[in-house]
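Fold and geometry: a report
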Amino acid sequence: MEDCIFCKIARGEIPSAKVYEDDEILVFKDINPLTKIHLLCIPKEHFKTVAELNEQRTLLLGSALKKIGALAPLWGLEEGYRLVINQGEAAGQSVPHLHIHILGGEPLRWEK
Ligand code: DGP
């Protein structure tokens, strides 16, 4: 996608603080961190939501979660972390390229 910010980051056209990259995914620091450690994991392929998962993207997402699980301790998240995927504008999705927020580095509250 020409105009997608995260596609531009994946292509290296916009700089980002990368912590991990391979052929399929990129993990970089969120520009507007909500917690002490706030990373974003994106697939390099452009799609917006889990409603667009096909077989190949489903494997990609599972593989991304596995990599996050393996690498999180190296990112300072050994005490635990939260994964969030906002789906649609009403849920707070501001960038229409699927991304997993990786939040941690401090105790996280979970209550109504
Ligand atoms: P969401 O609201 O779920 O769509 O999250 C989008 C996140 O992307 C938000 O926390 C801020 C972050 N973000 C937006 N633009 C950039 C950028 O150019 N660079 C980086 N590193 N993060 C960005």
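Located above this text is the structure these notes cover.
Residues numbered from 1 in each chain as written. Predicted model: local features only at pLDDT ≥ 70, side-chain atom pairs only at ≥ 80, totals over all residues. Heavy atoms only, no water.

1. Regarding the nonpolar core
Here is the rule we go by: For the purposes of this section, nonpolar cores are sets of buried Ala, Val, Leu, Ile, Met, Phe, Trp, Tyr and Cys residues that join through side-chain atoms within 4.5 Å. A simple rule labels every residue: compare its accessible area, found with a 1.4 Å probe on the protein chains alone, to the largest value its type can have, and call it buried under 20%, exposed over 50%, or partly exposed in between. Each helix is a run of H or I in the DSSP string that is no shorter than four residues. Each strand is a run of E no shorter than two, and both are numbered from the N terminus. Residue contacts are defined here by distance: any two heavy atoms, one from each residue, within 4.5 Å place the two residues in contact.
Val27, Leu39, Cys41, Trp75, Leu77 and Ile102 are the most contacted members of the largest nonpolar core, which has 17 residues in total. The set of elements that each furnish at least two residues to this core consists of β2 (25-29), β3 (37-43), α2 (55-71) and β5 (100-104). Of the residues forming this core, the biggest block, 5 residues, is contributed by α2. Look past the residues within four positions of valine 27 in its chain and what remains in contact with it is Ala17, Lys18, Val19, Tyr20, Leu39, Leu40, Cys41, Trp75 and Ile102. Listed in part, the 10 residues of the second largest apolar core include Cys4, Cys7, Ala10 and Val95.

2. A few points about the environment of leucine 39
As for its placement among the helices and strands, leucine 39 is situated in strand β3. Judged by its relative accessible area of 4%, leucine 39 is buried. Put simply, leucine 39 and histidine 99 are 60 residues apart on the chain and 9.8 Å apart in space, counted from C-alpha to C-alpha. Setting aside anything within four residues of it in sequence, one finds leucine 39 in contact with Val19, Val27, Phe28, Lys29, Asp30, Trp75, Leu77, Ile100, His101 and Ile102.

3. With respect to the pattern of salt bridges
Selection rule: By convention in these notes, a salt bridge is any Lys or Arg side-chain nitrogen within 4 Å of a carboxyl oxygen on Asp or Glu.
Per the counting criterion, the structure on display carries 8 salt bridges. With a shortest N-O distance of 3.1 Å, lysine 48 and glutamate 89 are connected by a salt bridge. Separated by 41 residues along the polypeptide, lysine 48 in the loop between β3 and α2 and glutamate 89 in the loop between β4 (81-84) and β5 bring together distant segments of the chain. When salt bridges with common partners are traced through the structure, they connect Lys18, Glu21 and Lys44 into a single cluster.

4. Description of the side chain of arginine 57
Filter applied, for reference: Each polar contact in these results corresponds to two N or O atoms within 3.5 Å; when the atoms are within protein, one needs to be able to donate a hydrogen and the other to accept it, and residues that are neighboring in sequence are counted only if both atoms are side-chain atoms.
Note that arginine 57 resides in helix α2. Of note is the side chain of arginine 57, whose polar atom sits 2.8 Å from the side chain of glutamate 45.

5. Some remarks on the site of the ligand
Keep this limit in mind: Any residue with at least one heavy atom within 4 Å of a molecule or strand is counted as near it. Per-residue and other accessible areas were derived by the Shrake-Rupley procedure at a 1.4 Å probe size, with only the shown protein chains allowed to occlude residues. Buriedness for pockets is judged along seven lines, at least five of which must meet protein on both sides within 12 Å for an open set on the 1 Å grid over protein atoms alone, while cavities are sets there where a 1.4 Å probe fits but cannot get out, and lining residues have an atom within 4 Å of a point. For a molecule to be placed in a cavity or pocket, more than half of its atoms must lie within 2 Å of the grid points of that cavity or pocket. In this classification, the charged set is Asp, Glu, Lys and Arg, the nonpolar set is Ala, Val, Leu, Ile, Met, Phe, Trp, Tyr, Cys and Pro, and all remaining amino acids, among them Gly, are polar.
Lining the immediate environment of the ligand, one finds 15 residues, of which Lys29, Asp30, Gly92, Ser94 and His101 sit closest. In the model, an oxygen atom of the ligand is placed 2.5 Å from a nitrogen or oxygen of the aspartate 30 side chain. Contact between the ligand and asparagine 86: an oxygen atom at 2.9 Å from a side-chain N or O atom of the residue. Against a free-state accessible area of 510 Å², the protein chains account for coverage of 83% of the ligand. Its atoms largely coinciding with the cavity grid, the ligand occupies the largest pocket. At the level of elements, α1 (5-11) and β2 are the ones that each hand at least two residues to the shell around the ligand. If you tally residues by element for the shell around the ligand, the top one is α1, at 3 residues. Here the shell around the ligand is composed, by residue class, of 7 nonpolar, 6 polar and 2 charged.

Shape is all these values report; function is a separate question.
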